[in-house]
Amino acid sequence: MPKATFVISEETLEEFKKVAIQRYGNKRGVLSVAIEEAIKDWIKKTKKELENAK
C-alpha cells in the first residue's frame, strides 16, 4: 500500500487524533482509517463543487 507524508499543524493533528479515537476507538490503525475517510470525503465534496461551478 502506498504511503504519503504530510505536514499539518500540531493543533490540527491533535484534534484529528482525538476525534478519530472517539469514533473508532484507541486501537492500531485508527488514524490511517480516519485519514483515508477524510480524503475520500474531501474528494467527493470537491468534485461536486467543481461540477456545480461549470
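This text follows the structure it describes.
A brief structural summary. Because the structure is predicted, anything quoted here is derived from the model rather than measured.

1. Some thoughts on helix H2 (residues 30-53)
In a regular helix each residue adds 1.5 Å, so 24 residues correspond to 34 Å; H2 covers 35 Å between its end C-alpha atoms and thus fits that length. Looking only at H2, the buried set comprises Val30, Ala34 and Thr46. Buried residues in H2 make contact with helix H1 (10-24).

2. Looking at the pattern of salt bridges
Scanning all chains against the criterion turns up four salt bridges. Close ionic contact of Glu14 with Lys17 constitutes a salt bridge, the shortest N to O distance being 4.0 Å. Within this pair, Glu14 and its partner Lys17 are both found in helix H1, separated by three residues, close to a single helical turn. Looking at Glu14, the relative accessible area reads 42%, which means it is partly exposed. Given a relative accessible area of 29%, Lys17 falls into the partly exposed group.

Parameters at a glance
- Per chain, residues are indexed from 1 in the order of the written sequence.
- Owing to the predicted nature of the model, reporting of local features is limited to residues with pLDDT of at least 70; listing and counting of side-chain atom pairs is limited to 80 or more, with chain, interface and lining totals taken over all residues.
- Calculation of side-chain values draws on the structure's entire complement of heavy atoms; hydrogens and water are dropped beforehand.
- For helices the rule is a DSSP run of H or I covering at least 4 residues; for strands it is a run of E covering at least 2, with both sets numbered from the N terminus onward.
- To estimate how far a helix should reach, multiply one less than its number of residues by 1.5 Å.
- Only protein chains enter the accessibility calculation, which uses a 1.4 Å probe. A residue is then buried if its area is under 20% of the maximum for its type, exposed if over 50%, and partly exposed in between.
- We call two residues in contact when some of their heavy atoms are within 4.5 Å.
- Should a side-chain nitrogen of Lys or Arg be within 4 Å of a carboxyl oxygen of Asp or Glu, the pair is scored as a salt bridge.

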